[in-house]
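Results of the structural survey
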Amino acid sequence: LFKYRDQALYEDGRPTTLTGREAEGIYEDFLVTEVFPAMGAEVVFNATIADPSWDHATIIRYPNGTIYLSEILANLKVQEIMKHNRAGLQEAYITAAKLMTNDVPIQLLLPPPDNPLFPPS
């Protein structure tokens, strides 16, 4: 879950006209196009949510439970571009879970499209 800053705030104090969502999007786009394909990770859910505490929800399927630490956080390019993530996010809630069965289609695990918490984006 993500809560974006109204205005991006970079740690080095650089001036910017980017919103928090735009700054975090730089980081997100890099992961989705450059990092995830190489490691077999995929975004399975990505939506704006109608909740006053949060702006966005994303679910990522990783090939195993340790790849986030070993392949993402240890990646020097990711570390460099992570400044955009920190500039854009006011708050984030990240958790790990294990899909207990491989024979349940992901569509059955996601809320229905008419769920008021997940309006079409």
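Quick look at the structure, then. Because the structure is a prediction, the values reported are computed rather than measured. (Residues numbered from 1 in each chain as written. Predicted model: local features only at pLDDT ≥ 70, side-chain atom pairs only at ≥ 80, totals over all residues. Heavy atoms only, no water.)

Turning our attention to the pattern of salt bridges. Pairs can form between side chains of opposite charge whenever their charged atoms are close. Across all of its chains, the model carries seven salt bridges by this definition. The shortest N-O distance in the salt bridge between Arg86 and Glu11 comes to 2.9 Å. Here Arg86, found in helix α3 (residues 76-88), pairs with Glu11, found in the loop between β1 (2-4) and α1 (20-39); they are 75 residues apart in sequence, far enough to count as distant. On the basis of relative accessibility, which here comes to 64%, the residue Glu11 falls in the exposed class. Of the charged contacts, one joins Glu80 and Lys83 as a salt bridge, the two residues approaching to 2.4 Å between their closest N and O atoms. One end of the pair is Glu80 and the other is Lys83, both in helix α3 and three residues apart, which spans about a single turn. When its relative accessible area of 48% is taken as the criterion, Glu80 is described as partly exposed. The partly exposed category is assigned to Lys83, whose relative accessible area is 24%. Within the structure, one salt-bridge network assembled from shared partners comprises Arg21, Glu24 and Glu28. (Salt bridge = Lys/Arg side-chain N within 4 Å of Asp/Glu carboxyl O. Helix = DSSP H or I, 4+ residues; strand = E, 2+ residues; numbered from the N terminus. Buried < 20%, exposed > 50% of the residue type's maximum accessible area, 1.4 Å probe, protein only.)

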